[in-house]
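# Tertiary structure, described
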Amino acid sequence: MTDIPRKIIPLADLRYASRIPAVPDRLTTPNGLLGDTRGRPLRDLRISVTDRCNFRCNYCMPSEIFDKDYAFLPQSSLLSFEEITRLASIFVAHGVEKIRLTGGEPLLRKNIEVLIGMLARLQTPQGKPLDITLTTNGSLLARKAQSLKDAGLQRVTVSLDALDDAIFRRMNDVDFPVADVLRGIEVAQRVGLAPLKVNMVVKRGTNDGQILPLARHFRHSGAVLRFIEFMDVGATNGWRMDEVMPSAQVVERLHAQFPLSAINPNYSGETAERWRYLDGGGEIGVISSVTQAFCGACNRARLSTEGKLFLCLFATQGHDLRALLRGNFADDQIAAAIAPIWQARTDRYSELRAALPPEASAAPGEKRIEMSYIGG
Ligand code: SAM
Ligand code: SF4
Ligand code: SF4
């Protein structure tokens, strides 16, 4: 007798609401100057290349939900490298200058180097190369860093929540050793994927004791350690305000041990607030998505693994660009369909939530996208 699958994977994935964008009759050529209702330009495109991951970080893909029966997207739903590159070039014509590959775990996508090579050949309308980067859990980085660099990747961001092996293994929930990620970071730096950033999600009571050990480890290393507030993204991670450690407290704790002074942002819209060690040990960043919303300068669009465009990490509805790609529309038609979507953008979830009581959601009752689906 053959096994009967326990979950049926729908042909058209209906896990999140989406609509197929209208293609206008009158086509206008993209001029790189799109602005949304609040005057925010479109500069940064985050592309999720897989919804799968070999870790089960509790704040992102809790193992009770993302178990062996979880219906990940079927291969046929994924955008191909050609489709991703085609959409990326349309977004670049609309003003995108920076592309971040993410997931799930992007290094699990087969032949990701090929995609990086294809994206690295794109240029802005001014003839400049794109800023291409990737966020990874680091588990496969030691093995892949050189080929990623050779393909044209400039930088990487590695997520690392603890230096202590037992805490790290508990947080990734697949018993993965921290030494392998640290080695990945070393190899990435050696091959020139720089400046390398390390992201730590701080959960009070879980890993806040790792703030100082991680800071000590990465001081004087050339890597920039960034502390991220635990966010209420998605609907499965059991977020609670009392587990959020405000960045101000992180800075206070660090400053008491290693005196810091604030430095200016690298560019407008930068999510991290930057600080430098007064003794020349390098710099750190804090990303205060919960306690200090930065929606006012948010210039980021997100493309899901199956080609849906989301205008905010907390969006509940996507715009199905894959339907246009596979519906034989020309590039100028797809560009013309994207323009009014960005122009109508009003999203500012974190600002709205900040005005509500601590545990409240600004999108009650709606199914929010998971971080692993849309990428960070
Ligand atoms: N798997 C890769 C990784 O972990 O770097 C890329 C995808 S992951 C979704 C991107 C980033 O989102 C990671 O730095 C992760 O720590 C962060 N992240 C996931 N869930 C989060 C949450 N609830 N709050 C804050 N950051 C979160
Ligand atoms: Fe995987 Fe990254 Fe999510 Fe952790 S944060 S479960 S590594 S996608
Ligand atoms: Fe951007 Fe949405 Fe995050 Fe605000 S909540 S910064 S609009 S992604």
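Provided above is the structure to which this section pertains.
Residues numbered from 1 in each chain as written. Chains lettered and ligands numbered in written order. Predicted model: local features only at pLDDT ≥ 70, side-chain atom pairs only at ≥ 80, totals over all residues. Heavy atoms only, no water.

Turning our attention to the packing of helix α1 (residues 81-93) against helix α9 (residues 331-343). Contact geometry for α1 and α9: axes closest at 10 Å, N-to-C directions at 60°. Classified by the interaxial angle, the pair formed by α1 and α9 is oblique. The crossing of α1 and α9 is right-handed. Residues Arg86, Leu87, Ile90 and Phe91 of α1 pack against Asp331, Ile334, Ala335 and Ile338 of α9. (Axes fitted to C-alpha atoms, helices over the stretch in contact; angles between N-to-C directions. Helix = DSSP H or I, 4+ residues; strand = E, 2+ residues; numbered from the N terminus. Parallel < 35°, antiparallel > 145°, perpendicular 65-115°, else oblique. Left-handed = near helix turned anticlockwise from the far one by under 90°. Contact = heavy atoms within 4.5 Å.)

Compared with the 18 Å implied by 1.5 Å per residue over 13 residues, the 18 Å span of α1 between its first and last C-alpha is a close match. Buried within α1 are the following residues: Phe81, Glu83, Ile84, Thr85, Leu87, Ala88, Ile90, Phe91 and Val92. At the exit of α1 stands Gly95, carrying a positive phi of roughly 125°. (Expected span 1.5 Å × (residues − 1). Buried < 20%, exposed > 50% of the residue type's maximum accessible area, 1.4 Å probe, protein only.)

With that settled, the discussion passes to the packing of aromatic side chains. In this description, an aromatic ring pair is defined by two values, namely the gap between the centres and the angle between the planes. Overall, the coordinates contain seven aromatic pairs when judged by the stated rule. Between Phe258 and Tyr277, the aromatic rings sit 5.9 Å apart at their centres with planes inclined by 85°, giving edge-to-face as the arrangement. Note that Phe258 is positioned in the loop between α7 (247-257) and β8 (260-263) and Tyr277 in strand β9 (residues 273-277), a separation of 19 residues in sequence. Here the aromatic residues Phe55, Phe168 and Phe176 are joined through ring pairs into a cluster of three or more. In this arrangement the basic side chain of Lys203 is found over the ring face of Phe230, its NZ or CZ atom lying 4.8 Å from the centre. In this structure, Arg219 is placed above the aromatic ring of Tyr277, and the distance from its NZ or CZ to the ring centre is 4.7 Å. (Phe/Tyr/Trp six-rings, centres within 6.5 Å; stacked < 30°, edge-to-face > 60°. Lys NZ or Arg CZ within 6 Å of the ring centre and 35° of its normal.)

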